[in-house]
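Single-letter residue listing:
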Amino acid sequence: MPKIIDAKVIVTCPGRNFVTLKIITDEGIYGLGDATLNGRELSVASYLTDHVIPCLIGRDAHRIEDIWQYLYKGAYWRRGPVTMTAIAAVDMALWDIKGKIAGLPVYQLLGGASREGVMVYGHANGTSIEDTVNVALEYQAQGYKAIRLQCGVPGMASTYGVSKDKYFYEPADADLPTENVWNTSKYLRVVPELFKAAREALGWDVHLLHDIHHRLTPIEAGRLGKDLEPYRPFWLEDATPAENQEAFRLIRQHTTAPLAVGEIFNSIWDAKDLIQNQLIDYIRATVVHAGGITHLRRIAALADLYQVRTGCHGATDLSPVCMAAALHFDLSVPNFGIQEYMRHTEETDAVFPHAYSFGNGMMHPGEAPGLGVDIDEELATKYEYKRAFLPVNRLEDGTMHSW
Ligand SMILES: O=C(O)[C@@H](O)[C@@H](O)[C@H](O)[C@H](O)CO
Ligand SMILES: [Mg+2]
């Protein structure tokens, strides 16, 4: 059996912070897991170093399910983003090891390919509707079949999803949280105009998505969904904060716009009622924050019973290790929907060389054994951790709001 003899956490910051777990076996084979939790990176690094790695040494690396259960039940304090991101990193690394030993890409261990490629969506954003539509046209020219639209709101200095750099979006932008100002009624006026302009410019053969990013109440989300129906959105994401899963019932009563939620979910329990009551159409939970490939398969299997499809989170603050793992999952899972793909920077890709590829709006994990991603540890040491927080949102009267 491949015995775990060592494991370490690598924190690196090639333009943004990433936390990576490396598990090493007595046969010299190692596996990698993404452990990045944007804005709270060091909490996961410590959870792994201080509370998980000592329990891994000496274990059989093939026992993925047993180790998953040991870390989940053994912590006593179950669930939560830090715990489940740490478990996810171990899970990814063990699938990587298992694939390398078997000489197979992980998707083959998950039941093989269910499709030829993974449809992805890119992020078009701009300070104005015109800028956003022009970037969307560039994505369409690159072959993207699905494009997310996020634009600035007149009268608001900054808002979620609008980046300073046209192609790379990094929201964790300061040593302490940046304070954004938010105005719901201004936002509700601009999004339908954005979609109208986008449909006129891009036509109907491209999927258009939008991320509300938790900022509306259920009835406001129902109103926006109804306003966007003529433009056939592929999905409205994070329409309202989802701690109260029942809140989505009110949205459903007012609009047929498809709903996606779950990038901040970390276990099946966060999504169970949404899925079983068909209150959503896509589940956004992802490998790195929802307990790894092992747990994400359980979430997808439940979703499949209710015709809910996957739509994994894939922002730049999820490392190429997570992107690789997600693509293996996406290629195999029967109820695949779509995969988010925000390109990493060249310096990030240099630290994490990988086998996955993009072409004509689709991605593929590649045929390398395991996850097909590595880490250049020497290069990684050149990029010191740099504390960075996600922004916060306040209403114009100063009231704290969701960002
Ligand atoms: O859909 C998305 O990609 C967003 O919600 C993310 O950009 C999210 O804001 C970041 O991952 C937070 O770190
Ligand atoms: Mg989102």
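Residues numbered from 1 in each chain as written. Chains lettered and ligands numbered in written order. Predicted model: local features only at pLDDT ≥ 70, side-chain atom pairs only at ≥ 80, totals over all residues. Heavy atoms only, no water.

Applicable threshold: UniProt positions are given in the numbering used here, feature names are shortened, and annotations may be inferred rather than shown by experiment.
The chain is annotated in an unreviewed UniProt entry as D-mannonate dehydratase of Sphingobium chungbukense. Per UniProt, the comment on the chain under Cofactor (unreviewed entry) is "Mg(2+)". Turning to the chain, the UniProt annotation filed under Pathway (unreviewed entry) states: "Carbohydrate metabolism; pentose and glucuronate interconversion."

1. Things to note about the domain arrangement of the chain
Formally: Note that the domain bounds were set by an automatic or database domain assignment. It only takes one pair of heavy atoms within 4.5 Å for two residues to be counted as in contact. Note: buried area is the sum, over both parts, of the accessible area (probe 1.4 Å) each one loses when the two are combined. Salt bridges are counted wherever a side-chain nitrogen of Lys or Arg sits within 4 Å of a carboxyl oxygen of Asp or Glu. In protein, a polar contact requires one atom able to donate a hydrogen and another able to accept it; more generally it is a pair of N or O atoms within 3.5 Å, and residues adjacent in sequence count only if both atoms are side-chain atoms. Runs of E in the DSSP output that reach at least two residues are strands. Runs of H or I that reach at least four are helices, and both are numbered from the N terminus.
Taken domain by domain, the chain consists of domain 1 (4-105) and domain 2 (109-366). Here the C-alpha centroids of domain 1 and domain 2 sit 26 Å apart. Listed as interface residues are 32 residues of domain 1 and, on the opposing side, 34 residues of domain 2. A buried area of about 2500 Å², summed over both sides, lies between domain 1 and domain 2, and 63% of it is on carbon and sulfur atoms. Our count for the contact surface shared by domain 1 and domain 2 stands at two salt bridges. At the surface where domain 1 touches domain 2, the tally comes to twelve residue pairs in polar contact (both at pLDDT 80 or more). At the level of secondary structure, the elements contributing two or more residues to the side of domain 1 that touches domain 2 comprise strand E2 (18-25), strand E3 (30-34), helix H2 (64-74) and helix H3 (81-102).

2. What to know about the packing of aromatic side chains
Operational definition: Classification of ring pairs uses Phe, Tyr and Trp, with its six-membered ring standing for Trp, and accepts pairs whose centres are within 6.5 Å; under 30 degrees between planes counts as stacked, over 60 as edge-to-face, and the remaining range as tilted. Here the term buried applies to any residue with accessible area under 20% of the maximum for its type, exposed to any over 50%, and partly exposed to those in between, with areas from a 1.4 Å probe on protein chains only. Look at NZ for Lys and CZ for Arg. If either is within 6 Å of the ring centre and within 35 degrees of the ring normal, a charge sits over the ring.
Applying the stated criterion across every chain, the model contains 13 aromatic pairs. Between Phe234 and Trp235, the aromatic rings sit 5.7 Å apart at their centres with planes inclined by 50 degrees, giving tilted as the arrangement. Here Phe234 and Trp235 have matching classes, each one buried. Just above the ring of Tyr30 sits the side chain of Lys22; from NZ or CZ to the centre is 4.1 Å. Here the guanidinium or amino end of Arg215 rests over the ring plane of Tyr187, the centre of that ring lying 5.1 Å away.

3. A closer look at helix H5 (residues 129-141)
Threshold: By this rule the span expected of a helix is its residue count minus one, scaled by 1.5 Å. As used here, the arc is the angular range of directions from the helix axis to the C-beta atoms.
Helix length check: H5, at 13 residues, gives a terminal C-alpha distance of 18 Å against a target of 18 Å (1.5 Å per residue), a fit within 8%. Taken together, the buried positions of H5 are Thr132, Val133, Val135, Ala136 and Tyr139. Down the axis, H5 shows its buried residues gathered within 160 degrees of arc, on one side only. Exposed positions of H5 whose direction lies more than 90 degrees from the buried face are Glu130 and Ala141.

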